[in-house]
Each structure stands twice: as structure tokens, then as C-alpha cells.
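Take a look at the letters that make up each chain.
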Amino acid sequence: MSDRKHGLDALLEQVQSGGDVPAHVAIIMDGNGRWASERGLPRWMGHREGMKSVRRCVTGALDLGIRHVTLYAFSKENWSRPLEEVSALMRLLSEYVERERQALAEKGVRVRVIGDLSRLSKQALKAVESIQGTTEGGEELMLNLAISYGSRDEILQAARSLAMECVAGEISPADITEDRFASALYTSGSPDPDLLVRTSGEMRVSNFLLWQIAYSEIHVTPVLWPDFGESDLYEAVLDYQRRERRFGRVTLGA
Ligand code: IPE
Ligand code: IPE
Ligand code: MG
């Protein structure tokens, strides 16, 4: 067994005996551009390398028994990047789908794409339908891929759809509880993330899951996304296991 594999197994064991594994991990996959610049490469090559990290991250999540993973792949604000970069990202989406969908289905991963899909090209939409269709029977891991995603936007569309139900007389404003509101969000069916990870050291949320992360633990790592691997996911979960989640209460005996 290689040293790396040995180290990974030891870390996995440490996590498994370390306490609860989060049910839902959300990740802001950041730092692809910097990874490429550091090597004198164009930014899109950083995004291409980042796809390999997605694979490692899914493998790590399956090995740990994490049931929901939400990956921030492309924000609504990212539409303002140079056209070549946006086009490259959309091409990579199709490439990812072609390359991974069968393997994901075999591993029991169900992919759901969340975001404002109205801006996607025909080809990108086809990729979305293809990966969702191929993987719809997956029961091990729900993989939410946030594409053309903005959290304020998501909250607004939830508010609008509930307002429409009120106007139609199907519900009354008093029926709009936290649970009902959460069900109107794109992430409906996934519990709130227990752990939010951001790579590349940036200390901000960048319009990601604003409602859902109300009580998430936050782990920021300096690792750039293309360098992220199973061991970084395990480290993030170990960090999570060391936290004391209080949800506003006090600890008994403290
Ligand atoms: C994250 O990497 C991927 C996307 C936002 C699409 P970046 O492209 O933001 O990389 P940096 O932050 O410029 O290094
Ligand atoms: C957030 O990263 C969006 C994704 C990871 C897809 P950005 O690189 O776009 O965010 P900012 O600009 O640093 O806030
Ligand atoms: Mg960035």
C-alpha cells in the first residue's frame, strides 16, 4: 500500500471514530483561477483541473457516508466574467456530465442541478437533463450542483411562489412557516448544511445558501480547489467534529 493511501485510510478511520459525520456538506469551490495563474496557465485550465477535485470530493463523501453534498460551481455573478471564461465553464460542464454520469449512477449518486437555469445554453441544459436523468435512481448521496445560482435569487423565487399560492387562495400567509419556506427553496429535500467549506482562504459567503447556513459550522482552508482531495474533506470533517454546536443554547454544566 502506498504511503498516501495508508495516510488516507488512517485519516478516514480517525473521522469514523471521531463522532458524527455531517449529513450535509456544502462547498464553495474557489481558487481555480489562482491555481492556474501560479503555473502561468490560462484560467480555464484551473477549472478543468478542478473537475478532478469534484470526483475526489464525491469519492470522499461516499466513503464517509455523507448523504448530501452541495457544490457551488457557478454563481449568477459569474455570468459577468469574460465571455471566453464563461464559455469554457459551460463546455466543461458538458464534459463533466459525459465523463462522469455513468460512474455516478453506478455509485448511487443522484445529481440535482440547482440555480436559475433559464440562462443556460441549449447544450448546457441538455447536459443538466442528461446527468439528472441518468442518476435519478441514486440513493446513497444527493449531489446538488449549484449552477447559475444566487441565494438571494433563490429566496426571491421562493417568496414569489408562496405569494402566488396565497393569491390563489391555496394557503394563507400564516401558513408560511420556516419549514414551508425551506421547501420552496431549490434545496428542498436536503437538510440544512451542517458544514460549509470554502477553499482558497476567502472569508466570505458570496451569495451561497444564505437561508440554509443559518447554523452551519464554517471551515475555510487555504487549499486551492484544484488541489483539494479526499484528505482535505476528511480534515474539514475532523474540524467539524471538534466544534460544539450550541444553536443559541448554553452547554449544560458550563
Ligand atoms: C472558482 O474559482 C470557480 C468559479 C467561480 C467558477 P475562481 O475562478 O473563482 O478562482 P479564483 O478565485 O479567481 O482563484
Ligand atoms: C464563488 O466564488 C462562486 C463559486 C465558487 C462558484 P467567486 O470567486 O465567484 O466569489 P468571489 O468573487 O470571490 O466572492
Ligand atoms: Mg474565486
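The structure displayed is predicted, hence computed values, not measured ones.

Reading the values: the criteria
- Residues numbered from 1 in each chain as written.
- Chains lettered and ligands numbered in written order.
- Predicted model: local features only at pLDDT ≥ 70, side-chain atom pairs only at ≥ 80, totals over all residues.
- Heavy atoms only, no water.
- Pairing = 2+ DSSP bridges.
- Helix = DSSP H or I, 4+ residues; strand = E, 2+ residues; numbered from the N terminus.
- Axes fitted to C-alpha atoms, helices over the stretch in contact; angles between N-to-C directions.
- Buried < 20%, exposed > 50% of the residue type's maximum accessible area, 1.4 Å probe, protein only.
- Core = buried A, V, L, I, M, F, W, Y, C linked by side-chain atoms within 4.5 Å.
- Contact = heavy atoms within 4.5 Å.
- Salt bridge = Lys/Arg side-chain N within 4 Å of Asp/Glu carboxyl O.
- Near = heavy atom within 4 Å.
- Polar contact = N/O pair within 3.5 Å; in protein donor to acceptor, adjacent residues only side chain to side chain.
- Areas by Shrake-Rupley, 256 points an atom, 1.4 Å probe, with all protein chains shown as cover.

1. Structural notes on the sheet that holds strand 3 (residues 109–114)
What the six strands build is an open sheet, ordered 3-4-2-1-5-6; its pairing is parallel. Two strands in the sheet have a free side with no partner beyond their single neighbour: strand 3 and strand 6 (217–220). Geometrically, the sheet is characterised by an average inter-axis angle of 20° between neighbouring strands, direction not taken into account. Alignment of strand 1 (residues 24–28) against strand 2 (residues 68–75), held across five bridges, turns out to be parallel. Looking at the pairing, Ile 28 lines up with Tyr 72 of strand 2.

2. Some points on the pairing of strand 2
Most of strand 2 sits inside the fold, with seven of its eight residues counted as buried. Bridge count for strand 2 against strand 4 (residues 141–149) is seven bridges, and the pairing is parallel. Directly across from His 68, in strand 4, lies its bridge partner Met 142.

3. Overview of the nonpolar core
Judged by nonpolar contacts, the single largest core of 48 residues is most densely connected at Ile 27, Leu 64, Ile 66, Leu 71, Tyr 96, Leu 143 and Leu 233. Here the element with the most residues in this core is helix 4 (residues 83–106); it accounts for eight residues. Residues contacting Leu 143, with those up to four places away along its chain left out, are Val 58, Val 69, Leu 71, Tyr 96, Val 109, Arg 110, Val 111 and Arg 112. In terms of nonpolar packing, the next biggest core, distinct from the first, is built from 11 residues, Ile 28, Tyr 72, Leu 209 and Ile 213 among them.

4. Focus on the pattern of salt bridges
On inspection of all chains with the given rule, the structure shows 21 salt bridges. The partner of Asp 116 in a salt bridge is Lys 76, with the nearest N and O atoms 3.1 Å apart. Of this pair, Asp 116 sits in the loop between strand 3 and helix 5 (122–134) while Lys 76 is found in the loop between strand 2 and helix 4, placing the two residues 40 residues apart along the sequence. Like Asp 116, the residue Lys 76 is buried in the burial classification. A salt bridge links Asp 153 to Lys 76; the nearest nitrogen and oxygen atoms lie 3.5 Å apart. Of the two residues, Asp 153 is situated in helix 6 (residues 151–167) and Lys 76 in the loop between strand 2 and helix 4; the sequence distance between them amounts to 77 residues. Here Asp 153 falls in the partly exposed class, since its relative accessible area comes to 25%.

5. Some words on the environment of Leu 120
Mapped onto the elements of the fold, Leu 120 is located in the loop between strand 3 and helix 5. For the pair Leu 120 and Arg 43, spaced 77 residues apart in the sequence, the C-alpha separation amounts to 21 Å. When near neighbours in sequence (up to four residues on either side) are disregarded, Leu 120 contacts Trp 79, Met 90, Leu 125, Val 128 and Ile 147.

6. So, the site of ligand 2
If you check the shell around ligand 2, you find Ile 28, Met 29, Asp 30, Tyr 72, Ala 73, Phe 74, Ser 75, Asn 78, Arg 81, Arg 198, Arg 204 and Ser 206 and nothing else. Within the contact set of ligand 2, an oxygen atom lies 2.9 Å away from a side-chain nitrogen or oxygen of Asn 78. One nitrogen or oxygen atom from the side chain of Arg 204 is found 2.8 Å from an oxygen atom belonging to ligand 2. Taken by itself ligand 2 offers 390 Å² of open surface, and the protein chains cover 78% of this. Ranked by the residues each element gives to the shell around ligand 2, the list is headed by strand 2, at four residues.

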